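Remarks on the overall topology
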Amino acid sequence: MNLIGKVALITGASRGIGRACALKLAKLGADIAINCSKNKALAEEAANEIKNIGRKAIVIQADVSKQKEVELMVETTIKQLGSLDILINNAGITRDSLLLRMKEDDWIKVLETNLNSVFFTTKAASKYMIRKRQGRIINISSIIGIAGNIGQANYAASKAGIIGFSKSVAKELASRNVLVNVIAPGFIETDMTNALNKQQKEIILSSIPLKRYGKPEDVANLAAFLSSEESSYLTGQVIFVDGGMNM
Ligand code: NAP
């Protein structure tokens, strides 16, 4: 499996799952545009790691919930790295609270960051990919988008939205050889899940058949496969990386 000559844009790649995807794709030969929102220093660190293994890397600070910033990000990737073959929509946030306590702003912020962003990036990138008659779009959803979760109505809605969006776009773009798939991770050890307390983590662990939390690399391995030639007969799929939580 190799990605030599490919260019990937990965949103939210300063840390966690996005960063692991960036490193994995670079190790397979791709040049990478690393998007971040606030943590530019971390993103630069990831870019340097990629440059050290001989690939090109650029950092693009952009808020993915803002259409104009997304359009500029896609344009910059193509200008500076010469192409855009793989888009991984990974940036995401949580703003958890029970429904009756959930503020409108918590609802809007999560939907804008997790779902509107996927519309903006996919629209901008697919224009280019359609012309090239080739492209891979990988959207990071969550098992919460399938199963729901107490305190995460906003997050679950955003992640379920990604699935419906991706299947529709997969159907629209298949004839142009642009493949769209979804990864639905379970519990992956990152800053996002570190916010949970010990008791919450233990309850989750007891529901994982493989009896361990996932690592960002577990998701990155699937993202690499979905970016590669080896997955060229796969589109519109939702694949779980969850240690068997969703069976
Ligand atoms: P994380 O460690 O909290 O990292 C989030 C990333 O998203 C950071 O790079 C952050 O950039 C970026 N980001 C946030 N808001 C942004 C915005 N408005 N514009 C651009 N970038 C933005 O999260 P993670 O755990 O790796 O999660 C990555 C994705 O996987 C998310 O979509 C999440 O919902 C999904 N997921 C995670 C898990 C899990 O267990 N961890 C499970 C299922 C699904 P800065 O560093 O600049 O803030």
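The structure presented is a predicted model; accordingly, all values stated were derived computationally and were not measured.

About the thresholds
- Numbering of residues starts from 1 in each chain and follows the order in which that chain's sequence is written.
- Where totals are concerned, whole chains, interfaces and linings use all residues; where local detail is concerned, this predicted model gives features only for residues with pLDDT of at least 70, and gives and counts side-chain atom pairs only at 80 or more.
- Just so you know, side-chain values use all the structure's heavy atoms and leave hydrogens and water out.
- Grouping buried Ala, Val, Leu, Ile, Met, Phe, Trp, Tyr and Cys residues that are joined through side-chain atoms within 4.5 Å yields what is termed a nonpolar core.
- For every residue, the accessible area obtained with a 1.4 Å probe (protein chains only) is divided by the maximum for its type, and the residue is called buried under 20%, exposed over 50%, and partly exposed between those limits.
- Note on conventions: DSSP H or I runs of at least 4 residues are helices, E runs of at least 2 residues are strands, and numbering of each starts at the N terminus.
- Here a residue-residue contact requires only that any non-hydrogen atoms of the pair lie within 4.5 Å.
- In this text, near means that some heavy atom of the residue lies within 4 Å of the molecule or strand in question.
- N or O atoms within 3.5 Å of each other form a polar contact, as long as, within protein, one can give a hydrogen and the other can take it, and as long as residues adjacent in sequence are counted only when both atoms are side-chain atoms.
- Under the convention used here, a 1.4 Å probe and the Shrake-Rupley method define accessible areas, while residue burial counts only the protein chains that appear.
- Gly is placed with the polar residues, together with every amino acid not listed as nonpolar (Ala, Val, Leu, Ile, Met, Phe, Trp, Tyr, Cys and Pro) or charged (Asp, Glu, Lys and Arg).

Moving on: the nonpolar core. Ranked by internal contacts, the top residues of the largest apolar core, which has 35 residues, are Ile 10, Leu 25, Ile 32, Ile 34, Ile 50, Ile 88 and Ile 183. Contributing elements (two or more residues each) for this core: strand S1 (7-10), helix H1 (16-27), strand S2 (31-36), helix H2 (40-52), strand S3 (57-61), strand S4 (86-89), strand S5 (135-140) and helix H9 (216-227). The element that contributes the greatest number of residues to this core is H1, accounting for seven residues. For Leu 25, the residues in contact, after removing those within four places along its chain, are Leu 3, Ala 8, Ile 10, Ala 30, Ile 32, Ile 86, Ile 88, Ala 223, Ala 224 and Ser 227. With 25 residues, the next largest nonpolar core counts Ile 58, Ala 91, Phe 120 and Ala 125 among its residues.

Once that is clear, we can look at the environment of Asn 246. Within the secondary structure layout, Asn 246 lies in the segment after strand S7 (238-241). Asn 246 gets classed as partly exposed once you look at its relative accessible area, which sits at 30%. Taking C-alpha positions, Asn 246 is 37 Å from Lys 56, a pair spaced 190 residues apart along the chain.

A word on the site of the ligand. Residues in contact with the ligand amount to 32 residues; listed here are only the nearest, Ser 14, Arg 15, Lys 38, Tyr 155 and Thr 190. In this structure, an oxygen atom belonging to the ligand sits 2.8 Å away from a main-chain N or O atom of Ile 17. Within the backbone of Asn 39, a nitrogen or oxygen atom sits 2.8 Å from an oxygen atom of the ligand. In the complex, 95% of the free accessible area of the ligand, which totals 900 Å², lies under the protein chains. When residues of the shell around the ligand are traced back to their parent elements, those giving at least two are H1, S2, helix H6 (153-173) and helix H7 (191-194). Element by element, the count of residues in the shell around the ligand is highest for H7, at three residues. When grouped by side-chain class, the residues that make up the shell around the ligand number 13 nonpolar, 14 polar and five charged.

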